[in-house]
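# Breakdown of the fold
Chain by chain, the residues run as shown.
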Amino acid sequence: MPGNLQGRYIKLDVISGKNIQASPFRMPAGIYVFIKFDSRRCWKSAVRVLSSDGAVAWGDILTISPDSSDKLSLEIRASFELGRMLGNGELVRKFETSWNELLDHGDEPFDLSFLLIDDICPSLTLKVAFVNACGYDDSALLDSIVECEIARRTDAGHAQFYKYMRSKPESGVFHLNGAVNYFWWVVARCPVGHPDRAAALTNLAYACLQGYIRNDLQDIDSTTSLFRDVLALRSQGHPDHPLSLHYLGLALSWRHYYQRAPADIHEFALLYHRLLPLCPEGTYLRSIVVGANIVDRVIHECNDLPDDASDQGIRLRRVVLELCPAGHQGRPRSLDRLASVFRARFVRLGNVDDVDEGIQLYREAVFLCPEGHPDHDFYLDGLAYLLRCRFEHQGDPHDLNEVIFLLEEALRLRPVGHNSRGRLLGNLAGALIIRFKRCDGDIDDINRAISLNRDVLVLHSPGDPNRGLTLNDLAAALHMRYDSLHASKDDLNESIDLHRESLRLSRQRGYPQRHANLYNLSAALCSRLEETWKNEDVEEAIDLCKESLAVFPPLHPDRCTSYAWLQEAYMCRYRVQHNPADLSLAMENFELASKQPTQGFPTRIQIAMGWVDEAEHYQHESALEAYRTCLDLFDNHVMTRSSIISRRNAATAFRGSQSLPVNAASCAVRCNDLRQAVAIQEQGRGQQWSLASRLRTPLDDLKSTNPDLAHKFSELSLRLSDIQGSTVSTDSAVADKAAIQYRRLTKQWEAVVVEIRTLQGFSGFLLPPSYQDLQAAARDGPVIILIGSQYSCDAIIVPTSGEPHHVPLPSLALADLEKLKDDFAKAIRHAAVMAPTETRTGLIALLRIVWDEIMLPIVNVLQCDLKLKRRSRIWLCPTAAFTSIPLHAAHPSRTMADGSGRELCLEDIYICSYTPTLSALIRARQAMKTRETPSFVAIGQSEPGAGQGKVLAAVDSELELVHKLVPPNVKFTNISGHEATQAGALEALRRNTWVHLACHGKQDREQPYNSRFAMRDKPLTLLDIMENNAPQAEFAFLSACHTAVGDEQTPDEAIHLAAGLQFSGFKSVIGTLWVVDDAVAKHVVEAFYGNMFKDSKEGVVDCTKAARALNHATYTVKKVPLEQRIVFIHIGV
């Protein structure tokens, strides 16, 4: 027994509590321990948060002198505030004991158990021991006699509220009124600014809320306002902020339950989205919020709300999805609901980012609900719809193929008789129509689409709300079959009848897609006009399109289609009545359609190309603007693709796109705007190179002006460059993520570019170059652009200064150029099997044509108008079929009229080089500002890997020859045999300034980025070279076949191995136009390097001598057959 306590001091540790059950009537903010020692003294522990398992951790210590009294009482109390308390809260359990009983437990912690009620036995873990007086703090004790009146009234209110909650519904209103009166009295004594006002308002509001729930009070709006006032007083960071969020959420939830106001459940979701991160796992508040199905009810109610594609509506859907973590049963539905609002916003605004997000969401939903799940087909359908939207916006055929696959799969899961089968049939029909129209034009696609739509029409009998849409779809399919195949007029007539019926139903029932009925009927009437020439058809068609435009807001994507069909209606009327005003109206609507910013690029490109065709056909003044619009759209379209190869595929997907740049330049020439002709051909011809080179823009000037912005631009460019060079995944979901990441980075990159353009002196940063910018290419000699268009063949000479000069080539048509190209190919093949000493009669005749018809008129202007001195340098920039003709080798091969000697050929008069674009030449010259210590590598592969070509016997001797000719003071490396691998060659290209490459070369005319050099292990491709940034590189000699020949599909863009080396950093390149005979090529090599290094000073080599050295070499190797002398060309500086 401890004995007498007089004059002694006791330390009491209140460590923790267990099995503490809160009141079912009101959730406590926390739990505290209240100890009463005598009539005068008492003590309160801190208020601590209750855990979900009924545990509380305090760790509070009190040192006290018991004086004369041995008795004390311990109470566990629930507090309704974690911060400053108002009143004493609610009694949970009480235990009467004595100090001696507590001290009997010794110095170790012990559990003090309270009375067992409802199988719950709370306990406190305490520790009690005698101590010295040094730790005694009398200020920790409270005076139990002095209590404020607002605390007593608050406790009285809680007591009345407790009785109300325990009473039967019909008999408890008296207690509720008593509680409310007490709480109102306290609120009145706690005015604005009083520290207890928030607690007082909470007590009042909670009592009123419970009265509303039990139908004893009606004014929920005032209660909700009280909770809002509390939340304003307990902002983020206040200890009672989470509980205040919960109370306001409860009020909104119950008001929504009775009044069904969407705004309430919307706000409820947002509140709980804020609340959950503030409720740590294991706390009592989190167990109530999550365990009582409150969050699940929020999710369910929100998912039942109608779609709201506003920013606020999308935020709500995002919040709901975040309330459904991985594994939550409501996550798939929440994914679908968020995807649906993105779809709705895309339909309204046309932003492809919304489609990307929706696709990602549906992919996750499909993954979470695999085959066998009842909603699997539903999510397949949703994913297919958004992939179709993206295809229509961006034109990637992979998307359309996946759409059809997904719909076929979903249809398999919805057998005949399924109530949603009709929608799937219609969606599949729509996808097949798009594939027929935009891809291969397979007749089976359009026939099957019509058949499917007829099946849907059977399912949607008269009276069905979807019948009008089905009629429109079937009518549009019939019209497309008629227009594309000029099939039976029955298709057209049936189409018009179905469209009229569909339009009648849409007007009668107010279909939201009425605009489609309007412009589709207009289109069908225009088609019939070409058969019947009935004026009333075209007048009705115009009125229908105008009506459809009136339906749309200004930025609706489908305005584009209405403008396009209105254009068609005006054109039809022009063809009948020949009124110039109709032609102008048609062109205006072409422009409006192609410049509708929210419509996808593929649709706008097709419309703009139609504008080009009609403007050219009728020689309308808008033709040049049509070309400019087309090229701008192509630039923007291909920039959406994340890889270099996919960009080219996007650019070549449109029939006629390959000739667009030269036709545009020809149009500018015919408009007498030569400056525009130079600029516009550069924009179109160098599209692939310029888009890639934008990520390698020199930043010296920008770094000195704004180093932070230069660093930001450089970092984003590097990240984009890494993405565009990476291999495209075959996994659709992975490819989607990569493409989305690319587009997001592109937006950031474009924003930085816009910011750079605001700097003084940088307003034209990365904008398409003007003629003045491009003229810098002619700094060391004129550049001759050769334009081969279906409308005209011309040359434009860009001089060192002044205006460009036009050289018409009237005796040449595009067909003549194509024949000349083919004739050269045949002559080269024929020459390859001739003896070296045989005269190449056919080749000589062709070179004479090149001289007479092409180069002589140009030389006359150079000599007579520009006074260009003999042996000056000139640069040739050929387009179209000109790219496959050896222009540099033009030769009259005849004696002069006076018999005084042979006529001079082009290379007697001038030193010829080529350049794929003017910008490429400018970039190469700019990069010459910094020079590295020269290092020379000779790479040769005489025995390439399997499938890459035959053995080249002369390669090793060629490399030895090169080694002998390179000045001894230049560091030289030889890489051949097993060392000449793809990786080894790339590393050598990176590390050296001069390169000689002797191996098999192969130009892939179908996919030029797969053009390649044959190495020991695997090919070194053009794509590898482009990704291999080598800014220090200077010169490359490509002693390999086909290194400077472009591809078939984009002849206006020089995508070949030599151009790729120039892009990667080499300023001067020797390439080849056709097959090289390695046995005789070494003679050209020997003559070239002998002249190249003839006058070089010690340690100095100059790549700008390459053109002259090649010119000299072709004259000194007369024993080499003609086709092998002229096969080599010089590209660059």
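Described below are features of the structure shown in this document. (Residues numbered from 1 in each chain as written. Predicted model: local features only at pLDDT ≥ 70, side-chain atom pairs only at ≥ 80, totals over all residues. Heavy atoms only, no water.)

As a further point, take the overall build of the chain. Within the chain, the regular secondary structure consists of 43 helices and 23 strands. Relative to its length of 1133 residues, the chain is extended, with a C-alpha radius of gyration of 42 Å against a globular reference of 32 Å. Along the first, second and third principal axes, the C-alpha set of the chain runs to 145 × 85 × 55 Å. A total of 1133 residues make up the chain; the buried ones form 57% of that total. By element, 51% of the accessible surface of the chain is carried by carbon and sulfur atoms, the whole surface being about 48000 Å². Both charge centroids of the chain, one from 122 positive and one from 140 negative side chains, sit 2 Å from each other. (Helix = DSSP H or I, 4+ residues; strand = E, 2+ residues; numbered from the N terminus. Rg over C-alpha atoms; globule rule 2.2 N^0.38 Å. Buried < 20%, exposed > 50% of the residue type's maximum accessible area, 1.4 Å probe, protein only. Areas by Shrake-Rupley, 256 points an atom, 1.4 Å probe, with all protein chains shown as cover. Lys, Arg positive; Asp, Glu negative; His and termini not counted. Charge placed at Lys NZ, Arg CZ, Asp CG, Glu CD.)

Attention now moves to the sheet that holds strand E18 (residues 1001-1002). As summarised here, the arrangement of the three strands in space is E18-E19-E20, forming an open sheet in which the pairing is antiparallel. At either margin of the open sheet sits one strand with a lone partner, and together these are E18 and strand E20 (1020-1021). Of the pairings in the sheet, the one linking E18 to strand E19 (residues 1012-1013) comprises two bridges and is antiparallel in character. Along E19, the bridge assignment pairs Gly1001 with Phe1013. (Pairing = 2+ DSSP bridges.)

On to the packing of helix H2 (residues 149-166) against helix H3 (residues 173-188), then. Running from N to C, H2 and H3 cross one another at 160 degrees; their axes reach a closest spacing of 8 Å. Our classification of the angle between H2 and H3 gives roughly antiparallel. Like other packed secondary-structure pairs, H2 and H3 cross with a definite hand, here left-handed. Seen from H2, the contacting residues are Glu149, Ile150, Arg153, Thr154, Ala156, Gly157, His158, Gln160, Phe161, Lys163 and Tyr164; seen from H3, they are Val173, His175, Leu176, Gly178, Ala179, Tyr182, Phe183, Trp185 and Val186. Of the residues contributing to the contact of H2 with H3, the split by class is eleven nonpolar, six polar and three charged. (Axes fitted to C-alpha atoms, helices over the stretch in contact; angles between N-to-C directions. Parallel < 35°, antiparallel > 145°, perpendicular 65-115°, else oblique. Left-handed = near helix turned anticlockwise from the far one by under 90°. Contact = heavy atoms within 4.5 Å. Nonpolar A, V, L, I, M, F, W, Y, C, P; charged D, E, K, R; others polar.)

With 188 residues, the main nonpolar core has Ile854, Met855, Ile858, Leu887, Ile939, Phe1013 and Phe1088 as its most contacted residues. Ignoring anything within four residues of it in the chain, the contact list for Ile939 reads Leu959, Ile975, Ala980, Ala985, Ala988, Val995, His996, Leu997, Ala998 and Met1015. Counting 90 residues, the second largest nonpolar core, distinct from the first, contains Ala22, Leu248, Ala251 and Tyr272. (Core = buried A, V, L, I, M, F, W, Y, C linked by side-chain atoms within 4.5 Å.)

Among the structural elements, Ile975 can be located in strand E16 (residues 971-976). Counting along the chain gives 262 residues from Ile975 to Phe713, while the straight-line C-alpha distance between them is 37 Å. Discounting residues that sit within four places of it in the chain, Ile975 has contacts with Val937, Ala938, Ile939, Gly940, Leu959, Ala980, Gly984 and Ala988.

Attention now moves to the packing of aromatic side chains. For the structure on display, the rule yields 26 aromatic pairs. Ring plane angle 20 degrees and centroid distance 5.6 Å describe the contact between Phe936 and Phe972, whose orientation is recorded as stacked. Placement of the pair is Phe936 in strand E15 (residues 935-940) and Phe972 in strand E16, with a sequence separation of 36 residues. An identical accessibility class is assigned to Phe936 and Phe972; each is buried. Taken together, a centroid distance of 5.4 Å and an interplanar angle of 55 degrees make the contact between Phe1037 and Phe1128 tilted. (Phe/Tyr/Trp six-rings, centres within 6.5 Å; stacked < 30°, edge-to-face > 60°.)

Here the focus is unusual backbone geometry. The backbone of Gln619 shows a phi angle near 50 degrees, a positive value even though the residue is not glycine. Its place among the elements puts Gln619 in the loop between helix H23 (601-617) and helix H24 (623-639). Assessed through its relative accessible area of 73%, Gln619 is described here as exposed. Although it is not a glycine, Ala880 sits at a positive phi angle of roughly 50 degrees. Here Ala880 lies in the loop between strand E13 (873-878) and helix H35 (906-909). The exposure class assigned to Ala880 is buried, which follows from its relative accessible area of 9%.

The next subject is the sheet that holds strand E1 (residues 9-18). Spatially, the four strands line up as an open sheet ordered E4-E1-E8-E7, and their pairing is antiparallel. Pairing within the sheet leaves two strands with one partner each, and these edge strands are strand E4 (56-64) and strand E7 (110-113). Pairwise comparison of adjacent strand axes, ignoring direction, gives a mean angle of 25 degrees for this sheet. In the sheet, E1 pairs with strand E8 (residues 123-131) via nine bridges, with the strands oriented antiparallel. Each residue of the ladder has a partner; that of Tyr9, found in E8, is Val131.

Another point: helix H34 (residues 841-865). Taking 1.5 Å of rise per residue, the 25 residues of H34 would be expected to cover 36 Å, and the 34 Å separating its terminal C-alpha atoms lies within 8% of that figure. The largest bend in H34 is about 50 degrees, located at Met855, with the proline Pro857 one to four residues further on. Just downstream of H34 lies Lys867, where phi reads positive at about 55 degrees. (Expected span 1.5 Å × (residues − 1). Bend = angle between axes of the 7 residues up to and from the residue.)

Let's shift gears to the pattern of salt bridges. Evaluated as defined, the whole model comprises 55 salt bridges. A salt bridge links Glu402 to Arg363, with the shortest nitrogen-to-oxygen separation between them at 2.8 Å. Here the residue Glu402 occupies a position in helix H14 (residues 397-413), and Arg363 occupies one in helix H12 (residues 352-368), the gap between them amounting to 39 residues. Summarising the burial analysis for this pair, Glu402 and Arg363 share the class buried. Linking Arg412 and Glu371 is a salt bridge whose minimum nitrogen-to-oxygen distance equals 2.9 Å. Taken together, the residues span a long stretch of sequence, with Arg412 in helix H14 and Glu371 in the loop between H12 and helix H13 (376-394) at a distance of 41 residues. In this structure Arg412 comes out as partly exposed when scored by relative accessible area, which is 47%. Taking the relative accessible area as the measure of exposure, Glu371 reaches 47% and is therefore partly exposed. Several salt bridges converge on common partners, so that one network encompasses Glu75, Arg77, Lys94 and Glu96. (Salt bridge = Lys/Arg side-chain N within 4 Å of Asp/Glu carboxyl O.)

Here we come to the environment of Thr839. Its location among the elements puts Thr839 in the loop between helix H33 (814-832) and H34. You can call Thr839 exposed: its relative accessible area is 53%. Measuring from C-alpha to C-alpha, the distance between Thr839 and Pro1121 comes to 8.6 Å, with 282 residues separating the pair along the chain. Sequence-distant contacts of Thr839, defined by excluding residues within four places in its chain, comprise Met834 and Ile844.

Once that is clear, we can look at the pairing of strand E10 (residues 783-788). For E10, the tally of buried residues reaches six of six residues, placing the bulk of the element in the interior. Residues Val783, Ile785 and Ile787 line one face of E10 and the alternating positions Ile784, Leu786 and Gly788 line the opposite face, and both faces are buried. Taking the residues between adjacent antiparallel strands as the criterion, E10 and strand E11 (residues 793-798) are bridged by four residues. Looking at chain direction, E10 and E13 are connected through four bridges and run parallel. Looking at the pairing, Val783 lines up with Trp875 of E13.

What follows is about the pairing of strand E5 (residues 71-79). Counting buried positions along E5 gives eight out of nine residues, so the element sits mostly inside the fold. Two strands pair when backbone bridges link them, and E5 and strand E6 (residues 90-98) are joined in this way by eight bridges, in the antiparallel orientation. Bridged to Leu74 within E6 is Phe95.

Between its first and last C-alpha atoms helix H4 (residues 197-213) spans 24 Å; for 17 residues at 1.5 Å apiece the expected length is 24 Å, and the two agree. Most of H4 is tucked away: 16 of the 17 residues are buried. Asn215 occupies a position one or two residues after H4 and carries a positive phi of about 65 degrees.

The interhelical angle for the contact between helix H9 (residues 294-303) and helix H10 (residues 311-322), taken along N-to-C directions, is 145 degrees, at an axis separation of 10 Å. H9 and H10 meet at a crossing whose hand is left-handed. Two secondary-structure elements touch here, H9 through Ile299, Cys302 and Asn303 and H10 through Leu316, Arg317 and Val320. Split into classes, the residues belonging to the contact of H9 with H10 amount to four nonpolar, one polar and one charged.

The next subject is the environment of Pro557. With respect to the helices and strands, the residue Pro557 is situated in the loop between helix H20 (535-551) and helix H21 (559-577). Residues Pro557 and Met587, 30 residues apart in the sequence, show an inter-C-alpha distance of 19 Å. With near-sequence residues (within four places) excluded, Pro557 lies in contact with Phe346, Val347, Arg348, Leu349, Gly350, Gln596, Thr598 and Gln599.

To continue, consider the side chain of His175. By secondary structure assignment, the location of His175 is in helix H3. Relative accessible area serves as the criterion here: at 19%, His175 is assigned to the buried category. When sequence neighbours within four positions are dropped, the list of residues in contact with His175 reads Gln160, Lys163 and Tyr164.

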